[in-house]
Amino acid sequence: MNPMNSSNNSGGCGSEAVDPGRRDVLKFLAVGAAMASGAACDLEGFFRKSFRELSPADVRRMVTGWERKYSRKYGKTVTVSETGPMAGVKFGYGLDLSRCVGCRRCVYACVEENNQSRKEPQIQWIRVLEMDKVHGIDLNHSDIYYDAAEVPRPGKFYMPIQCQQCDDPPCVKTCPVGATWKEKDGIVVIDYDWCIGCRCCMSACPYGARHFNWAEPSLPAEEMNPKTHVLGNRPRPKGVVEKCTFCIQRTREGMYPACVEICPVGARKFGNLLDPESEIRQAMDTKRVFVLKEELATHPSFFYFYAT
Amino acid sequence: MAAALVMTLSGAGAQGAHTPPPQVVKFQKQEKLVEAKAPPLTEGIFPCTQCHNEKVNGKLNTARRELQFHDDIQSEFHHDSENRWCLDCHDAKNRDVLHLTSGAAVTFTESYKLCGQCHGDKYRDWKRGVHGKRIGHWSGEKTYFLCVNCHNPHSPKFKPIKPLPPPTRPSEMKR
Ligand code: SF4
Ligand code: SF4
């Protein structure tokens, strides 16, 4: 049976379908390798159940272990939160294309907040696309490598893209081992210990939102953000996929994502889609709004709008 | 200007002695909205009535003219400069406040009321949280920036800024 199809039913919110095959196959194949490489401290993680099968007590125990390990590794007190979704909250994000100037402040605020690998591999969850005003939104003729003394450049406009937290996420449907799923508040998360690094999700995502740790991530200890979440910005191992989580470690504590706070032109809006008074709902209710690649029916929770 | 923009956005530095404590207003719902501190006026310049009084300045001259003092502001002034000048916003009789078109006085910390007279659509969007920027908690206490935290009232259009570096191309990465 094709694994791509076999997990098609795991797309729903809070779906429990977890493919058990991963353990059987991989346990057998990789135990030797894991032992040989001296990764003894990760063995417990390797043999544990899938995140969604763990009891709260198990999660706490696991998280405490990571806190100890990371604190030792980075030489500071690292916390790993396991805060779950809030009742009555479905997150939504708004980006005002009439404001964005393409300054990339959001890109680097995100890298710092979310402990992305700085170089080799360089991982950036936000990409800012430069496009021609005369052509409108045309992804085929966009440029993410633009450099300039000053932005916005004449005749250009800018469109940041990050994970759209789709309500019908192709990445989740395609994952053969159920290592990625959609939470009740709408955030699509990845269990870094369950991901086998096959990168099916990367090819399934129509937004290029997923990134792969081709090598051991480079994260200087002094730059490491010690406030982490188990499904978010905790340090990732080599060989797993990662992506934007709407700053799960911040937003589940009620705070704005880092990109919202850094944007110098106030182009970024965030809030609870179920609250008609929230900024995101106010933007959606009063402005011209669209979602990217609507025709693919991924149903993003990320909305682009024009305030003017 | 990049520096100036970043500076004004980062909480606007020291609070001038004239600035009342941040106002806490509640509109819309049960969230606490805290006003950002207005950016400080040039050091030593407030109260304006130190100089702008009859003892120092003689008789009040409201004629539009080239200024001897504040010429720096006049030279950068770019806010419908053809039709407007200082006293359209600054109050001639009491230079320590601004005034609305109605003549009603407005303190420097409430200048958004003045801005809102012409920019009504922005004012409306700003109150909803659609225009401008808020930081803190999406679900609770948040600080909202005032018009003058981001826009220089004398030259409100954003100046271009230097972008941060582009990503590394795959071809430039080590294999
Ligand atoms: S920080 Fe704001 S203006 Fe700058 S690129 Fe990001 S969204 Fe656009
Ligand atoms: S944007 Fe891509 S990674 Fe994010 S939920 Fe949608 S398909 Fe998945």
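Residues numbered from 1 in each chain as written. Chains lettered and ligands numbered in written order. Predicted model: local features only at pLDDT ≥ 70, side-chain atom pairs only at ≥ 80, totals over all residues. Heavy atoms only, no water.

Scanning chain A from terminus to terminus reveals ten helices and twelve strands. Per-residue burial for chain A yields a buried fraction of 55% across its 308 residues. Restricting the contact set of chain A to residue pairs at least 6 apart, pairs at least 24 apart contribute 67%. For chain A, the accessible area works out to roughly 12,900 Å², and carbon and sulfur atoms hold 56% of it. (Helix = DSSP H or I, 4+ residues; strand = E, 2+ residues; numbered from the N terminus. Buried < 20%, exposed > 50% of the residue type's maximum accessible area, 1.4 Å probe, protein only. Contact = heavy atoms within 4.5 Å. Areas by Shrake-Rupley, 256 points an atom, 1.4 Å probe, with all protein chains shown as cover.)

Another point: the site of ligand 2. Taken together, 13 residues form the shell around ligand 2, and within it Cys163, Cys166, Cys171, Cys205 and Arg210 of chain A come nearest. Residue classes in the shell around ligand 2 are distributed as nine nonpolar, two polar and two charged. (Near = heavy atom within 4 Å. Nonpolar A, V, L, I, M, F, W, Y, C, P; charged D, E, K, R; others polar.)

Take the side chain of histidine 131 of chain B next. The topology assignment puts histidine 131 of chain B in the loop between α5 (120-128) and β5 (134-136). Take histidine 131 of chain B: its relative accessible area is 19%, and that puts it in the buried class. Among the polar contacts made by the side chain of histidine 131 of chain B, one reaches the side chain of arginine 99 of chain A at a distance of 3.4 Å. Not counting chain neighbours up to four residues away, the residues in contact with histidine 131 of chain B comprise Arg99 and Lys269 of chain A together with Lys122, Asp125, Trp126 and His151 of chain B. (Polar contact = N/O pair within 3.5 Å; in protein donor to acceptor, adjacent residues only side chain to side chain.)

Let us now look at the site of ligand 1. Taken together, the neighbourhood of ligand 1 is formed by Cys100, Val101, Gly102, Cys103, Arg104, Arg105, Cys106, Pro160, Cys263, Pro264, Val265 and Arg268 of chain A. Tallied by class, residues from the shell around ligand 1 come to eight nonpolar, one polar and three charged.

Before going further, it helps to examine the state of the cysteines. Residues and elements named next belong to chain B. If you walk through the whole model with that rule in mind, you get zero disulfides over all chains. Cysteine cysteine 147 is unpaired, with the sulfur of cysteine 115 as its nearest cysteine sulfur at 3.9 Å. On the basis of relative accessible area, cysteine 147 is assigned to the partly exposed category, the value being 22%. (Disulfide = S-S within 2.5 Å.)

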